[in-house]
Amino acid sequence: MILTYKVRHDRDFSTELRMARQVADFAVKHRSFSSKDVKHIGLKSMIANQILRKYGRSKTIKKARNVNLIVPSQGIKADHSKHIINVPCLKLSLPYRFPDFEKVNQIEVDGEYAYISVSILDVEIKEPSHYIGVDLNATGHAAVVGNPQTGKMWKLGKRCQHVHKKYKNIRRRLQKLGKYGMVKKIKDRESRIVRDLNHKMSRKIVEIAKEAGCGIKMEDLKGIRKTTKQAKSFRYSLNSWSFYQLRTFIGYKAKLQGVAVAHIEPAYTSKTCSRCGHMGNRNGKAFKCPYCGYVENADVNASFNIAKRQIGVTQSDIERDMSEGSTDAPQMATSRTMATIEPHRL
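Reading the values: rules and limits
- Residues numbered from 1 in each chain as written.
- Predicted model: local features only at pLDDT ≥ 70, side-chain atom pairs only at ≥ 80, totals over all residues.
- Heavy atoms only, no water.
- Helix = DSSP H or I, 4+ residues; strand = E, 2+ residues; numbered from the N terminus.
- Buried < 20%, exposed > 50% of the residue type's maximum accessible area, 1.4 Å probe, protein only.
- Contact = heavy atoms within 4.5 Å.
- Areas by Shrake-Rupley, 256 points an atom, 1.4 Å probe, with all protein chains shown as cover.
- Pairing = 2+ DSSP bridges.
- Axes fitted to C-alpha atoms, helices over the stretch in contact; angles between N-to-C directions.
- Expected span 1.5 Å × (residues − 1).
- pLDDT = per-residue confidence, 0-100.
- Core = buried A, V, L, I, M, F, W, Y, C linked by side-chain atoms within 4.5 Å.
- Arc of directions from axis to C-beta.
- Salt bridge = Lys/Arg side-chain N within 4 Å of Asp/Glu carboxyl O.
- Phe/Tyr/Trp six-rings, centres within 6.5 Å; stacked < 30°, edge-to-face > 60°.
- Polar contact = N/O pair within 3.5 Å; in protein donor to acceptor, adjacent residues only side chain to side chain.

Undergrad: Requested: an account of the overall build of the chain, with residues and values cited.
TA: Each helix and strand counted, the chain has nine helices and 15 strands in total. Counting across all 346 residues of the chain, residues that qualify as buried make up 49%. Within the chain, counting contacts between residues at least 6 apart in sequence, those at least 24 apart form 62% of the total. Of the accessible surface of the chain, which amounts to about 18600 Å², a share of 49% is contributed by carbon and sulfur atoms.

Okay, structure coming up:
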């Protein structure tokens, strides 16, 4: 499995990045692949070669934007005992705190961060005897976890809905004032907070599964924004929450720990009684079964149903989804795209 970690480097590479932009512009214009053609620019040939390959081979790039310094594996040295990665051509040393790895594939450097792509040995996925269910929600708690074997449940992410409403109102005020630059900054800030919350929730869910010695089962929410009928008041929460991001975070963290992940069809998980299996009555966050009298929080009831339901999507489907190239998700060895994972979130 290939993961990419983001590490702050605290160095001024403005000169090198300016030269990298010039090399990329030359590659787009002339489709050149030889560092001899851009020797006059002054960028290290090892880095120039990588930029020429990236921008020279692409037929879709018409103009180079946000060009990073790209260092291949042969220009990188890793000291596993001291947890330091050295890039001699940039005179850069990067201490790291992420899990041990097999090798460094490449490093991309921008004005603030170094994006370190590493290969990690796959952990054997253990066949679970049972599963915990994870119900993902757009209102209330973002994730509710239930273990039908023990009857325990966990409610996570209560802050998520408040975050979205808060920053939605701030952006609305700024838009009325015409401060569109601030709107973008606020949106970026919200994205960082959401990513942080998703990292913490996914880590907790994987810890719960590992301690219980079981797998993780979730609903397959692919296409939910297109298929779900929604009230106007609910539409913003549904479309603003990162369902896919949280799902992929759970997926790659579970894989690193050897925990199995499976997906099931989401139909009627919140309306079926997890005790007797009959259709019950749901009113907001309350669930009541008219047949056996079972009363429970609707999200908790759904999480128990998810854990018990027959698997409809296998682990291979999860790996296929994760290889599509979304950010913050692990990439398979054949993928050409990179994912970004902040090391302190693991």
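Continuing now.
Undergrad: Now, about the sheet that holds strand β2 (residues 69-72): what can you tell me, with residues and values included?
TA: The strand order across the open sheet formed by four strands is β1-β7-β6-β2, and the pairing between neighbours is antiparallel. For this open sheet the edge positions go to β1 (2-8) and β2, each flanked by a neighbour on one side alone. Each strand of the sheet is rotated relative to its neighbour by a mean of 20°, with strand direction disregarded. As paired elements, β1 and strand β7 (residues 113-119) share seven bridges and run antiparallel to each other. Bridge pairing links R8 to Y113 in β7.

Undergrad: Mind laying out helix α4 (residues 180-212), listing which residues take part and the relevant values?
TA: The first and last C-alpha atoms of α4 sit 48 Å apart over 33 residues, in line with the 48 Å expected at 1.5 Å per residue. Of the residues flanking the end of α4, it is G213, one or two places downstream, whose phi is positive at about 65°.

Undergrad: Describe the confidence of the model for the chain, listing the residues and the values that go with them.
TA: A low pLDDT score tells you not to read the predicted coordinates there in detail. Taken as a whole, the chain shows an average pLDDT of 84; of its residues, 84% reach a score of 70 or greater. Note that residues 230-240 has pLDDT below 50 and, in this model, 20 contacts with residues that lie over four places away or in other chains. Across residues 313-346 the pLDDT falls below 50, and counting only partners more than four positions away or on other chains, this stretch makes 88 contacts in the model.

Undergrad: I'd like a rundown of the pairing of strand β6 (residues 103-109), residues and numbers included.
TA: Where β2 and β6 come together, four bridges link them in antiparallel fashion. When the sheet's bridge partners are listed, P72 is paired in β6 with Q106. Bridge analysis of β6 against β7 gives six bridges, and the strand direction is antiparallel. What sits directly across from I107, in β7, is I116. The hairpin formed by β6 and β7 contains three residues between the paired strands.

Undergrad: Account for the nonpolar core, with residues named and values stated.
TA: Ranked by internal contacts, the top residues of the largest apolar core, which has 44 residues, are I51, I85 and I107. Here the element with the most residues in this core is helix α1 (residues 14-30); it accounts for seven residues. Listed in part, the 32 residues of the second largest apolar core include A142, I170, V183 and V259.

Undergrad: Please provide a residue-by-residue account of helix α3 (residues 159-176), values included.
TA: Here α3 contains 18 residues, and its C-alpha end-to-end distance of 26 Å stays within 8% of the 26 Å for a straight helix at 1.5 Å per residue. For α3, the full list of buried residues reads C160, V163, H164, Y167, I170, R171 and L174. In an axial view of α3, the angular spread of the buried residues amounts to 135°, which keeps them on one side of the axis. In α3, the exposed residues that point more than 90 degrees away from the buried face are H162, R173 and K176. Two residues or fewer after α3 comes G178, characterised by a positive phi angle close to 75°.

Undergrad: Which residues make up the pattern of salt bridges, and what values go with them?
TA: The final tally for this structure, using the stated rule, is eight salt bridges. Linking D25 and R21 is a salt bridge whose minimum nitrogen-to-oxygen distance equals 3.5 Å. Highlighted residues: D25 and R21, both in helix α1, separated by four residues, approximately one helical turn. A salt bridge links D299 to K285, with the shortest nitrogen-to-oxygen separation between them at 2.7 Å. Of this pair, D299 sits in helix α8 (residues 298-308) while K285 sits in the loop between β13 (281-283) and β14 (286-288), and the two are 14 residues apart along the sequence. Taking relative accessible area as the criterion, D299 reaches 4% and is therefore assigned buried. Residue K285 is classed as partly exposed on the basis of its relative accessible area of 31%. Several salt bridges converge on common partners, so that one network encompasses R282, K285 and D299.

Undergrad: Explain the packing of aromatic side chains residue by residue, including any values.
TA: Each aromatic ring pair is summarised here by two numbers: the centre-to-centre distance and the angle between the ring planes. In the structure shown here, the tally under the stated rule is six aromatic pairs. Judged by centre distance (6.5 Å) and plane angle (50°), the ring pair of Y113 and Y115 falls under tilted. The exposure class of Y113 is buried, given its relative accessible area of 18%. Ring centres of F249 and Y252 lie 6.1 Å apart, and the angle between their planes is 80°; this geometry places the pair in the edge-to-face category. With F249 and Y252 both in helix α7 (residues 243-257), this residue pair falls three residues apart, about one helical turn.

Undergrad: I'd love a proper account of the side chain of N147, names of residues and values included.
TA: Along the chain, N147 falls in strand β9 (residues 143-147). Of the polar contacts made by the side chain of N147, one reaches the backbone nitrogen of Q149; its length is 3.0 Å. If near-sequence neighbours (up to four positions away) are discounted, N147 is found in contact with H130, Y131, I132, K152, W154, A212 and F304.

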